[in-house]
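# Analysis of the macromolecular model
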There are 2 protein chains.
Amino acid sequence: MSRINKDGFNEECKKDHREIYGIAYTQNLLSGRWKYLILWFLKFKPHRYNEIKTLLWGISQGSLTKQLRELEADGLINRKVYPEVPPRVEYSLTSKGEQLIPIIDLMEEFGKKFGDKLD
Amino acid sequence: MSRINKDGFNEECKKDHREIYGIAYTQNLLSGRWKYLILWFLKFKPHRYNEIKTLLWGISQGSLTKQLRELEADGLINRKVYPEVPPRVEYSLTSKGEQLIPIIDLMEEFGKKFGDKLD
DNA sequence: CTGTATCCATGGAGATACTG
DNA sequence: CAGTATCTCCATGGATACAG
């Protein structure tokens, strides 16, 4: 899903409907196939790289690393490296990231109600 | 953003974390660059094709039609055609679609809080 | 006014091999 | 263990022309 920039709205919208900026901003942060699930998984407790990879069966290393980096760059997760051998890296939610959890919980609730099966 | 199917999770997840299905289901319904904004716009009142197109300045006709068809197929919006000349078509939320509004409102709230500007 | 049909560009995501 | 570096593929979305 491509990102939305502020040129993508007409003048009336820019003047009267600043809500749209908010929606687009949040959507941009969550663009990417796995980000909702990563954040949802981290809401319980910090998790290591491989734990996330195991949960998201089928994600490639390249994709996972990229999504984690984007989440980190957007200030939604923390990345903590423990200088051990073998290396250990734990990801956790930032306070900003925690504030997305209610949204994800609502999506879960909606999906439980309507989504008997995935297609 | 590509859709997620149920094969995309490992066995432990399938057994213990059915929440993931719900999140993925909802995410799939909302995959697409403009769907959040279309639903948000319809929450106020039904709107015509060209009203939506005007709001989403920059969307092509092909893309808009496709997204509207998908929303309709997923049961989130109604499409009502008035047999007039020139033709008039109004789109409105279904009850299922209305239940996504709280999610979009939360996204708007989050974006207002953190998204001073779009990039 | 509300679309349909066609083609094309883009970027997200997966596969694979390699590394500190 | 936790990545990085390439390469490829394909779905999404945009542009354009045309139509009922």
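Please read all numbers here as calculations on a predicted model, not as lab measurements. Sequence positions are assigned chain by chain, starting from 1 and proceeding in written order. Think of it this way: whatever chain is written first is A, whatever ligand is written first is 1, and the rest follow in order. pLDDT decides what is reported in this predicted model: residues at 70 or higher carry local features, side-chain atom pairs at 80 or more are listed and counted, and totals for whole chains, interfaces and linings draw on all residues regardless. As a rule here, side-chain values cover all heavy atoms of the structure and leave hydrogens and water aside.

pLDDT runs from 0 to 100 and stands for how confident the predictor is about each residue. In the predicted model, chain A carries a mean pLDDT of 85, and 82% of its residues have values of at least 70. Residues are treated as being in contact if the distance between any of their heavy atoms lies within 4.5 Å. When the criterion is pLDDT under 50, residues 6-16 of chain A qualifies, and its contacts beyond four places in sequence or with other chains add up to 24 contacts.

Our focus in this paragraph is the packing of aromatic side chains. Ring pairs shown here join Phe, Tyr and Trp side chains whose ring centres sit within 6.5 Å, with only the six-membered ring taken for Trp; geometry is labelled stacked below 30 degrees between planes, edge-to-face above 60, and tilted in between. Enumeration according to the criterion identifies four aromatic pairs over all chains in this entry. Centre to centre, the rings of Trp40 of chain A and Phe44 of chain A are 5.2 Å apart; their planes meet at 90°, and the pair counts as edge-to-face. With a 1.4 Å probe rolled over the protein chains alone, any residue whose accessible area is under 20% of its type maximum counts as buried; one over 50% counts as exposed, and the rest are partly exposed. On the basis of relative accessibility, which here comes to 1%, the residue Trp40 of chain A falls in the buried class. Among the residues examined, Phe44 of chain A registers a relative accessible area of 47% and is labelled partly exposed. Seen from their ring centres, Phe110 of chain B and Phe114 of chain B are 4.7 Å apart, and the 40° between their planes marks the pair as tilted. Of this pair, Phe110 of chain B and Phe114 of chain B both sit in helix H7 (residues 101-114), four residues apart, which is roughly one turn of that helix. Only runs of H or I of at least four residues qualify as helices and only runs of E of at least two qualify as strands under DSSP, and these elements are numbered from the N terminus.

Glancing now at the protein's contact with DNA strand D. Whether a residue is near a molecule or strand depends on its heavy atoms: if one lies within 4 Å, it is near. In the vicinity of DNA strand D, 21 residues are found, and the nearest of them are Gln61, Thr65, Arg79 and Tyr91 of chain A together with Arg33 of chain B. The sugar and phosphate moieties of DNA strand D supply 73% of its atoms located within 4 Å of the protein. Each polar contact in these results corresponds to two N or O atoms within 3.5 Å; when the atoms are within protein, one needs to be able to donate a hydrogen and the other to accept it, and residues that are neighboring in sequence are counted only if both atoms are side-chain atoms. Here a phosphate oxygen of DNA strand D sits 2.8 Å away from a polar atom, N or O, in the side chain of Ser63 of chain B. Broken down by secondary-structure element, the contributors of at least two residues to the surface near DNA strand D are helix H4 (49-55), helix H5 (61-73) and strand S3 (88-93) of chain A together with helix H5 (61-73) of chain B. Put simply, Ala, Val, Leu, Ile, Met, Phe, Trp, Tyr, Cys and Pro go in the nonpolar bin, Asp, Glu, Lys and Arg in the charged bin, and everything else, Gly too, in the polar bin. A class-by-class count of the residues in the surface near DNA strand D yields eight nonpolar, eight polar and five charged.

With that settled, the discussion passes to the sheet that holds S3 of chain A. Residue and element names in this part refer to chain A. Strands are treated as partners if at least two bridges between them are detected by DSSP. Strand order in this open sheet of three strands is S1-S3-S2, and the pairing throughout is antiparallel. Whereas interior strands pair on both sides, the edge strands pair on one side only; in this sheet they are strand S1 (47-48) and strand S2 (77-82). Where S1 meets S3, two bridges bridge the pair, whose relative direction is antiparallel. By the bridge assignment for S3, Arg48 is matched with Glu90.

The subject of this paragraph is helix H2 (residues 19-29) of chain A. The buried fraction of H2 of chain A is high, at 11 of 11 residues. Within the sequence span of H2 of chain A, burial applies to Glu19, Ile20, Tyr21, Gly22, Ile23, Ala24, Tyr25, Thr26, Gln27, Asn28 and Leu29 of chain A.

Further remarks concern the protein's contact with DNA strand C. Neighbouring DNA strand C are 23 residues; Arg33 and Gln67 of chain A together with Gln61, Arg79 and Tyr91 of chain B lie closest to it. The sugar-phosphate backbone supplies 72% of the atoms of DNA strand C found within 4 Å of the protein. Note that a phosphate oxygen of DNA strand C is positioned 3.1 Å from one of the side-chain N or O atoms of Arg48 of chain B. The side chain of Gln61 of chain B places a nitrogen or oxygen atom 2.6 Å from a base oxygen of DNA strand C. Counting only elements with at least two residues in the surface near DNA strand C, the list comes to H5 of chain A together with helix H4 (49-55), H5 and strand S3 (88-93) of chain B. At four residues, H5 of chain A tops the list of elements feeding residues into the surface near DNA strand C. Split into classes, the residues belonging to the surface near DNA strand C amount to eight nonpolar, nine polar and six charged.

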